[in-house]
Amino acid sequence: LMIRVANERHSTIADANAQLTVLRPTVTAEGIRMRRLHDLKLVRDNQPVFRISWSLMHVIDETSPLAGVDAREMERGEANIVVTVSGLDESSGQIMHARRGYAHDALRWGHRYVDIIGADANGRTLIDYTRFHDSTAEAP
């Protein structure tokens, strides 16, 4: 599972931290249906210097709360993915917090993000924000 986030500020975010959570229905031992939060372990959950973009990645393996889950099950349970990012805005000295939720129908199964990082004629790194949300189907 990948979610791309960007720093839209004109300053660096120091010591950025991210968390990814899925909200899914669960049936308790008593038979009560309730929605529960399940943390999704990130490959990297911190970024010492967050300037441009960051791809948050969660490996779906046998230990993942998403193991064996498909699009149909996510829809039935009206699952939501919640992303939170926080860090220190170096310009203002204030802690910044951002949160975004994604409903089950916003997920693109079998896709990956297109590359949006390039360089100008002088070799300076550029990001193409016009393609920030673009993805492509992975090759079989």
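Look a little higher up for the structure.
Residues numbered from 1 in each chain as written. Predicted model: local features only at pLDDT ≥ 70, side-chain atom pairs only at ≥ 80, totals over all residues. Heavy atoms only, no water.

**Observations concerning the packing of aromatic side chains**
In step 1: On inspection of all chains with the given rule, the structure shows 2 aromatic pairs.
In step 2: Seen in terms of ring centroids, Phe-50 and Trp-54 are 5.6 Å apart; in terms of plane orientation they differ by 70 degrees. Their pairing is edge-to-face.
In step 3: In this structure Phe-50 comes out as buried when scored by relative accessible area, which is 3%.
In step 4: Assessed through its relative accessible area of 4%, Trp-54 is described here as buried.
In step 5: Positioned above the aromatic ring of Phe-132 is the side chain of Arg-4, whose terminal nitrogen or guanidinium carbon lies 5.3 Å from the ring centre. (Phe/Tyr/Trp six-rings, centres within 6.5 Å; stacked < 30°, edge-to-face > 60°. Buried < 20%, exposed > 50% of the residue type's maximum accessible area, 1.4 Å probe, protein only. Lys NZ or Arg CZ within 6 Å of the ring centre and 35° of its normal.)

**Digging into unusual backbone geometry**
In step 1: Positive phi, close to 50 degrees, is recorded for Asp-15, a residue that is not glycine.
In step 2: The residue Asp-15 is located in strand S2 (residues 13-27) in this model.
In step 3: Phi at Glu-78 is positive, roughly 45 degrees, even though this residue is not glycine.
In step 4: With respect to the element layout, Glu-78 can be found in the loop between helix H1 (71-76) and strand S6 (80-89). (Helix = DSSP H or I, 4+ residues; strand = E, 2+ residues; numbered from the N terminus.)

**So, the environment of Ile-13**
In step 1: Topologically, Ile-13 is positioned in strand S2.
In step 2: Along the sequence, Ile-13 and Asp-134 sit 121 residues apart, while their C-alpha atoms lie 24 Å from each other.

Note that every value here comes from positions in space, so none of it alone points to a role or purpose.
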